[in-house]
Amino acid sequence: TRNDQLRDEIGTLESQRDGVAGAVERGDSSSLQIRADLNRVLGWSGALPVTGTGIRVAVDGPLPGAAVNELLNELRSAGAEAMSIGTIRVVPGVVVTGPAGGLMVTGIPLADPLEILAMGQSEVLSGSLTRAGGPIAQLSARYPGVVITVSAEDRITMPATDRDLNPQLARPRL
């Protein structure tokens, strides 16, 4: 009968409505997950500021740019997720230059004492720098007037970079 057909149609429409509502909910959660993933990538790349645990490296005394870059490379190799020197975020292309006492990063003079922040597992980052024969031991032998201290930090915040992060030659493959 006609009433049975209408009841069946109501049931079908209610089922479709529930399916659409579920899809919308899944779409929202997928959208939120994509946004969270994007923010994680942007933070890791330096495009957004980041906050987390890590270490503070204080360099008291004059080191040349190449020696500071040794510290940065060691931290990068040890798994630092983000780094900064003073208020400057270290991203690809950021290099410390200059002689001892005249350091610069991207044309900005660095103050003495120098402060490097590295975000990641504190024990691993600290151990990498302070191990016997490691970078701090080597730099202390070459530059006896320089004191380098490492301290674990429960909360550090790093700024976003002001550099253009768009690659000049590379193009993404999708």
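This one's a predicted model, so the numbers in the text were calculated from it and none came from an experiment.

Glycine aside, the phi torsion of most residues is negative, and most peptide linkages are trans. Put simply, aspartate 112 and proline 113 share a cis peptide bond, and its omega is 5°. You can see proline 113 is positioned in the loop between strand S6 (108-109) and strand S7 (114-119). With phi around 50°, threonine 106 is a residue other than glycine that occupies positive phi space. Assignment of secondary structure puts threonine 106 in the loop between strand S5 (104-105) and S6.

This paragraph deals with the sheet that holds S5. One open sheet holds the three strands; their spatial order is S4-S5-S6, and the pairing between them is antiparallel. Because the sheet does not close on itself, it has two edges, and the strands there are strand S4 (96-97) and S6.

Before going further, it helps to spend a moment on the pattern of salt bridges. Summed over the entire model, instances satisfying the criterion amount to five salt bridges. Measuring nitrogen to oxygen at the nearest pair gives 2.3 Å for the salt bridge that ties aspartate 37 to arginine 40. With aspartate 37 and arginine 40 both in helix H1 (residues 2-45) and three residues apart, the pair spans about one turn of that helix. Linking arginine 56 and glutamate 115 is a salt bridge whose minimum nitrogen-to-oxygen distance equals 2.5 Å. Here the residue arginine 56 occupies a position in strand S1 (residues 50-60), and glutamate 115 occupies one in strand S7, the gap between them amounting to 59 residues. Each of Arg56, Glu115 and Glu153 takes part in one network of salt bridges that share partners.

Over its 13 residues, helix H2 (residues 65-77) extends 18 Å from the first C-alpha to the last, a length consistent with the 18 Å expected when each residue adds 1.5 Å. When H2 is considered as a whole, its buried residues turn out to be Gly65, Ala67, Val68, Asn69, Leu71, Leu72, Glu74 and Leu75.

All right, on to helix H3 (residues 122-130) then. The complete set of buried residues in H3 reads Ser122, Leu125, Ser128 and Leu129. Buried positions in H3, seen along its axis, are confined to an arc of 145° and lie on one side of it. Summarising the contacts, the buried residues of H3 are in contact with S1, H2, S7, helix H4 (135-142) and strand S8 (147-158).

The next point concerns the packing of H2 against H3. Running from N to C, H2 and H3 point in directions that differ by 135°, and their axes come no closer than 9 Å. Of the possible angle classes, the one that applies to H2 and H3 is oblique. The two elements H2 and H3 cross, and the hand of that crossing is right-handed. Residue-level inspection shows Leu71, Glu74 and Leu75 of H2 in contact with H3, the latter providing Leu125, Ser128 and Leu129. Here the contact of H2 with H3 is built from residues that sort into four nonpolar, one polar and one charged.

A few words now on the nonpolar core. The nonpolar side chains of soluble globular proteins are, as a tendency, buried together. By size, the foremost hydrophobic cluster in this structure holds 30 residues, and its most contacted members are Leu63, Leu71, Leu75, Ile85 and Ile148. Looking at which element gives the most residues to this core, the answer is H2, with five residues. In this view, isoleucine 85 contacts Leu72, Val90, Val96, Val105, Leu110, Leu114, Glu115 and Ile116; residues no more than four positions away in its chain are not counted. Among the nonpolar cores identified, the runner-up in size contains six residues, and Ala82, Leu117, Met119 and Ile156 belong to it.

Two measures define how a pair of helices packs: the angle their axes make with one another and the distance between the axes. Direction vectors running N to C along H2 and H4 enclose 170°, while the axes themselves pass 10 Å from each other. Our classification of the angle between H2 and H4 gives roughly antiparallel. For the pair formed by H2 and H4, the contact residues are Ala67, Glu70, Leu71 and Glu74 on the first element and Pro135, Ile136, Leu139 and Arg142 on the second. Per-class residue counts for the contact of H2 with H4 are five nonpolar, no polar and three charged.

What counts and what doesn't
- Residues numbered from 1 in each chain as written.
- Predicted model: local features only at pLDDT ≥ 70, side-chain atom pairs only at ≥ 80, totals over all residues.
- Heavy atoms only, no water.
- Helix = DSSP H or I, 4+ residues; strand = E, 2+ residues; numbered from the N terminus.
- Pairing = 2+ DSSP bridges.
- Salt bridge = Lys/Arg side-chain N within 4 Å of Asp/Glu carboxyl O.
- Expected span 1.5 Å × (residues − 1).
- Buried < 20%, exposed > 50% of the residue type's maximum accessible area, 1.4 Å probe, protein only.
- Arc of directions from axis to C-beta.
- Contact = heavy atoms within 4.5 Å.
- Axes fitted to C-alpha atoms, helices over the stretch in contact; angles between N-to-C directions.
- Parallel < 35°, antiparallel > 145°, perpendicular 65-115°, else oblique.
- Left-handed = near helix turned anticlockwise from the far one by under 90°.
- Nonpolar A, V, L, I, M, F, W, Y, C, P; charged D, E, K, R; others polar.
- Core = buried A, V, L, I, M, F, W, Y, C linked by side-chain atoms within 4.5 Å.

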